[in-house]
Amino acid sequence: MLASTREIIDIAERERFAVGAFNVYNLEGAVAVIRSSELESLPVILQISPTSLESVGVPLVASIVALAQRSSLPTSVHVDHCGKQAEIDSAVSLGLRSIMADGSRLSYQGNIDFTLEAVNKIREFGGFTEGELGRLTGTEDGLTIPEYESFLTDPDQAADYCRITHIDALAVCVGNIHGKYHEEPKLDFDRLSEIHSSVSVPLVLHGASGLPEWMISRAIDLGVRKFNVNTEVRGAFINSVSSSLDNTDLDLGQIMDISIDSMSQVVTSKIRQFSGRS
């Protein structure tokens, strides 16, 4: 059933788990996520990138929303990393009411202004806005410690940012990164604890691909209610398709079925981790 992101986050908050938010780029990805959701009897969030909206638009949104409506579990559709007002306007014009306003590359005041504008627009439709304070990187290489720390979410700023913008959820940077972790992940749980104590909104952790189970569990204890996963699911799709191409007896439908199975295995594993069932 199609649900709002707020409804799903509220479920996670009440039951003290985290919901998996999975980036999908095609019909097969959405099918894999919903299959895993129904297998585990837990809600999920289907995430679309602004670039996908730009390149595919209406057909992609229509197919993903239709799948969410047919799911037996609460399923929402969320637009990830909208860094421009035009991207938010595009999402709204396509009927989407859950967005991430990503002002993390702006100055602190610029981030506040951008996020507040997004919140006001989305709230007109009763929608859900996720903001981000701090900035995730794909690598720490070449950064001095002070430079690296400047990317992390400041707990005092987080309190003011949430109070001023009225966001529904806060994406934080506490050492998590986008993409693959090339060494053992190091999350600053003291910082996460301070942020959790200073704000009243649910927390979001991007870059959940590759985090060990104990870190996932600790983050949930400290208020994280939404984990974003992209890299591992995307990798499962690419690897399964690449491997299938060696078998000339398979038609395209069979290859896509294999890709769904492969992605669903990853998604199921993540949902179990986020719910504490693994």
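Here, every reference points to the structure presented above.
Residues numbered from 1 in each chain as written. Predicted model: local features only at pLDDT ≥ 70, side-chain atom pairs only at ≥ 80, totals over all residues. Heavy atoms only, no water.

Chemist: Kindly report on the nonpolar core, identifying the contributing residues and their values.
Modeler: Ranked by internal contacts, the top residues of the largest apolar core, which has 69 residues, are Phe22, Ile88, Leu170, Leu192, Leu205 and Phe227. When neighbours within four sequence positions are excluded, leucine 170 is seen to be in contact with Gly131, Glu132, Leu133, Ala158, Tyr161, Cys162, Ile195, Val199, Val201, Pro202, Leu203 and Val204. Counting residues in each nonpolar core, the second largest holds eleven residues, with Ile8, Ile9, Val19 and Ala21 among its members. (Core = buried A, V, L, I, M, F, W, Y, C linked by side-chain atoms within 4.5 Å. Buried < 20%, exposed > 50% of the residue type's maximum accessible area, 1.4 Å probe, protein only. Contact = heavy atoms within 4.5 Å.)

Chemist: Help me get a handle on the pairing of strand E8 (residues 224–229), residues and values and all.
Modeler: The element E8 is largely enclosed, with a buried count of six among its six residues. Pairing between strand E1 (residues 19–23) and E8: four bridges, direction parallel. Bridging across to E8, phenylalanine 22 finds its partner in valine 229. As defined by bridge partners, strand E7 (residues 203–205) adjoins E8 across three bridges and the pair is classed as parallel. Note that in E8 the partner of leucine 203 across the bridge is valine 224. This β-α-β element, E7 to helix H10 (residues 213–221) to E8, shows right-handed connectivity. (Helix = DSSP H or I, 4+ residues; strand = E, 2+ residues; numbered from the N terminus. Pairing = 2+ DSSP bridges. Right-handed = clockwise from strand over helix to strand, strands pointing away.)

Chemist: Let's hear about the packing of aromatic side chains: which residues, and what values?
Modeler: Considering all chains together, one arrives at two aromatic pairs under this definition. Taken together, a centroid distance of 5.8 Å and an interplanar angle of 50° make the contact between phenylalanine 189 and tryptophan 214 tilted. In this pair, phenylalanine 189 is assigned in helix H9 (residues 189–198) and tryptophan 214 in helix H10, connecting sequence segments 25 residues apart. On the accessibility criterion, phenylalanine 189 (13% relative accessible area) is buried. (Phe/Tyr/Trp six-rings, centres within 6.5 Å; stacked < 30°, edge-to-face > 60°.)

Chemist: Help me get a handle on the sheet that holds E8, residues and values and all.
Modeler: Hydrogen bonds along the backbone pair up the strands of a sheet, which may run parallel or antiparallel. Around the barrel, which closes on itself, the eight strands sit in the order E1-E2-E3-E4-E5-E6-E7-E8 with parallel pairing between neighbours. Neighbour-to-neighbour, the strand axes of this sheet turn through a mean angle of 25°, independent of strand direction. Note that E1 and strand E2 (residues 44–48) share four bridges and pair parallel. Residue alanine 21 lies in a different strand from E2, and its bridge partner there is isoleucine 45. Set on the sheet, helix H8 (residues 155–165) makes contact with strand E5 (128–133) and strand E6 (169–172); between it and E5 the angle comes to about 155°. (Axes fitted to C-alpha atoms, helices over the stretch in contact; angles between N-to-C directions.)

Chemist: Describe empty space enclosed by the protein, naming the residues involved and giving the relevant values.
Modeler: Counted by the stated rule, this structure contains one cavity of 30 Å³ or more. Within this model, the largest cavity holds a volume of roughly 30 Å³. Where the lining of the largest cavity is concerned, the elements lending two or more residues are E1 and helix H12 (252–275). By residue class, the composition of the lining of the largest cavity is seven nonpolar, two polar and no charged. (1 Å grid on protein atoms, 1.4 Å probe; cavity = no way out; pocket = protein on both sides within 12 Å on 5 of 7 lines; lining within 4 Å. Points joined across faces, edges and corners; volume = space filled by probe spheres on them. Nonpolar A, V, L, I, M, F, W, Y, C, P; charged D, E, K, R; others polar.)

Chemist: Break down H12 for me, with residues and values.
Modeler: With 24 residues, H12 should reach 34 Å at 1.5 Å per residue; the first-to-last C-alpha distance of 34 Å fits that figure. Between a side-chain oxygen at the N-terminus of H12 and the backbone nitrogen of glycine 253 the separation is 3.1 Å; the capping residue is aspartate 251. Of the residues trailing H12, glycine 276 is marked for its positive phi of about 80°. (Expected span 1.5 Å × (residues − 1). Polar contact = N/O pair within 3.5 Å; in protein donor to acceptor, adjacent residues only side chain to side chain.)

Chemist: An account of the pairing of E2 is needed here, citing residue identities and associated values.
Modeler: Most of E2 sits inside the fold, with five of its five residues counted as buried. Burial of E2 is two-sided: the residues Val44, Leu46 and Ile48 facing one way and the residues Ile45 and Gln47 facing the other way are all buried. A crossover connection joins E1 to the parallel E2 through helix H2 (residues 27–40); in handedness this β-α-β unit is right-handed.

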